[in-house]
Amino acid sequence: MAFVDDDLEMYMQLNGIVNMEIVNFIDDNEPRRILKQEDPFVELSDRKFIGTYRLSKQLVEELIDTLTPYMNSPMTSSGITIKRKVLTALRFFASGSYQQDIGEHRGAALSQPSVSRCITEVAEALNNPIILNKYIHFPSTIEQLNIIRQGFYNKFGIPGVIGVIDGTHVAIVPPNTADDVYPEHIYVNRKGYHSINTQLICDSDLMILNVCAKFPGSTHDSHIWRLSPVEGLMKQLHAIGQTSYFLLGDSGYPLRQWLLTPLYQPQPNTPEANYNKWFCRTRSIIERCNGVLKMRFRCLLKHRVLHYSLEKAASIINSCTILHNISISNNIPIIRNIEDLTDIDLGNIDNDPEVEQIVNRINPELTAGKRMQQTIIDLYFQ
């Protein structure tokens, strides 16, 4: 009897396998699904449109007009229009979802390879120097500097600040590179994941004045700053006597006349402690900027991870900063989705204090920085 039962069980198992194969055969031979595209300008309310694409309908139309000269128009009537490409890329920047999910969204209705090509083309257009410099630029005239300085003064009460600087990490897949200068392991940051360390400088309204997204995750913020053209501009300003302008950075940056940092563990209830309180309150602007940038364009969040080459990942980061500035300058609200965002990692990594090596000589830039720092404490915090 046991033999019969075993035969019956085997028969049922084999029969189940056959049935499963039949089901799989049917699934594999289903007619190809035709994705139907809808026009989100018509189908979506203004609020839903912003929640989906992060920009208003009018701003997206303006963006399409701006990018059109730098993109490829469809060669046939069935080709993908520039409008559709832009909407597809915006949807990816906003959500950071897999390309297949983006393609099946009703505003795109595209295959995964088509979505990838759309993201690439739109990001390349946004990274065209003409467009990038239009939306992301550090002030180049005294008049522009004074406008930004006044903004910080109105909010924080101390004259001279023209920007706040910090680095933020954008997660990437491990790069497949044997480069002698930037091998794969250099992209592992201090939290143990692969990233691009992105330098941001913003003003008091969260507008991004400078972005640098080309250094591996293990690179220290101070090293990126030393190679930044903005540092050269700040040094030049002070060299010609324009010493009333400076940036704020955390303790990982070198103290200079043009870049102030906090004091290390000042005594409570002292002018130095009051300086630190003001400093931390003002510098929190860059943390808010980073938070708003990544909440709005979630492809930059750590848990989303950019699955692209290093060059394409950098172009996506730059693209999101441009779109961030467009949103800020037009007062576009952040419309939160249902998902819980309370424990989101924004990619901030605390820096070790910058250690100045002084060998057999005094560092004149550090000395001038300490003098500037003390002058501010004496004038405003006594």
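Residues numbered from 1 in each chain as written. Predicted model: local features only at pLDDT ≥ 70, side-chain atom pairs only at ≥ 80, totals over all residues. Heavy atoms only, no water.

## Regarding the overall build of the chain
- Scanning the chain from terminus to terminus reveals 14 helices and five strands.
- Relative to all contacts within the chain whose residues are 6 or more apart in sequence, the contacts with residues 24 or more apart total 70%.
- Total accessible area on the chain is roughly 20,000 Å²; 53% of this is exposed by carbon and sulfur atoms. (Helix = DSSP H or I, 4+ residues; strand = E, 2+ residues; numbered from the N terminus. Contact = heavy atoms within 4.5 Å. Areas by Shrake-Rupley, 256 points an atom, 1.4 Å probe, with all protein chains shown as cover.)

## Considering the sheet that holds strand 4 (residues 246-248)
- Strand order in the open sheet made by the five strands is 3-2-1-4-5, with mixed pairing throughout. Single-partner strands in this sheet number two, and they are strand 3 (208-216) and strand 5 (259-260).
- Pairing between strand 1 (residues 161-171) and strand 4: two bridges, direction parallel. From the neighbouring strand, Val-164 faces strand 4, where its bridge partner is Leu-248. (Pairing = 2+ DSSP bridges.)

## A few points about the pairing of strand 2 (residues 195-202)
- Taken across its eight residues, strand 2 has eight buried, putting it largely inside the fold.
- The two faces of strand 2 match: Ser-195, Asn-197, Gln-199 and Ile-201 on one face and Ile-196, Thr-198, Leu-200 and Cys-202 on the other face are all buried.
- As paired elements, strand 2 and strand 3 share six bridges and run antiparallel to each other. Directly across from Ile-201, in strand 3, lies its bridge partner Asn-210.
- Taking the residues between adjacent antiparallel strands as the criterion, strand 2 and strand 3 are bridged by five residues, where Leu-206 takes a positive phi near 75°. (Buried < 20%, exposed > 50% of the residue type's maximum accessible area, 1.4 Å probe, protein only.)

## Observations concerning the packing of helix 9 (residues 142-156) against helix 12 (residues 271-296)
- At a closest axis distance of 11 Å, the pairing of helix 9 and helix 12 adopts a crossing angle of 125°. What the angle tells us is that helix 9 and helix 12 run oblique. Once helix 9 is placed against helix 12, the crossing between them reads as right-handed. Here Phe-152, Lys-155 and Phe-156 of helix 9 lie close against helix 12, whose contacting residues are Trp-278, Arg-281, Thr-282 and Ile-285.
- Among the residues forming the contact of helix 9 with helix 12, the class breakdown is four nonpolar, one polar and two charged. (Axes fitted to C-alpha atoms, helices over the stretch in contact; angles between N-to-C directions. Parallel < 35°, antiparallel > 145°, perpendicular 65-115°, else oblique. Left-handed = near helix turned anticlockwise from the far one by under 90°. Nonpolar A, V, L, I, M, F, W, Y, C, P; charged D, E, K, R; others polar.)

## Focus: the pattern of salt bridges
- Here the structure, examined in full by the defined rule, presents eight salt bridges.
- Of the charged contacts, one joins Glu-287 and Arg-283 as a salt bridge, the two residues approaching to 2.9 Å between their closest N and O atoms. Of this pair, Glu-287 and Arg-283 both sit in helix 12, separated by four residues, roughly a single helical turn.
- For Arg-283, a relative accessible area of 11% translates into the label buried.
- If you follow the salt bridges from partner to partner, you end up with Asp-166, Arg-283 and Glu-287 in one network. (Salt bridge = Lys/Arg side-chain N within 4 Å of Asp/Glu carboxyl O.)

## A look at helix 9
- Taking 1.5 Å of rise per residue, 15 residues should cover 21 Å, and helix 9 covers 21 Å from first to last C-alpha, within 8% of that figure.
- Those residues of helix 9 not exposed but buried are Leu-145, Ile-148, Gly-151, Phe-152 and Phe-156. Down the axis of helix 9, the sector holding all buried residues measures 125°, keeping them to one side. Opposite the buried face of helix 9, at more than 90 degrees from it, the exposed residues are Glu-143, Ile-147 and Asn-154. (Expected span 1.5 Å × (residues − 1). Arc of directions from axis to C-beta.)

## Some words on the environment of Lys-191
- With respect to the helices and strands, Lys-191 occurs in the loop between strand 1 and strand 2.
- Note: C-alpha distance between Lys-191 and Gly-347 (156 residues apart in sequence) is 9.2 Å.

## A short note on the confidence of the model for the chain
- Summing up the model confidence of the chain, the mean pLDDT is 86 and the portion of residues at 70 or higher is 81%.
- Predicted confidence for residues 1-28 stays below pLDDT 50, and this span has zero contacts to residues more than four positions away or in other chains.
- Below a pLDDT of 50 lies the segment residues 338-342, which in the model reaches five contacts outside its immediate sequence neighbourhood of four places, other chains included. (pLDDT = per-residue confidence, 0-100.)

## So, the packing of helix 7 (residues 112-126) against helix 13 (residues 310-329)
- Between helix 7 and helix 13, the least distance of the axes is 9 Å, while the angle of their chain directions is 65°. Considering the relative orientation of helix 7 and helix 13, their crossing is left-handed. Of the residues in helix 13, those touching helix 7 at Ser-116, Ile-119, Thr-120, Ala-123 and Leu-126 are Lys-312, Ser-315, Ile-316, Ser-319 and Ile-322.

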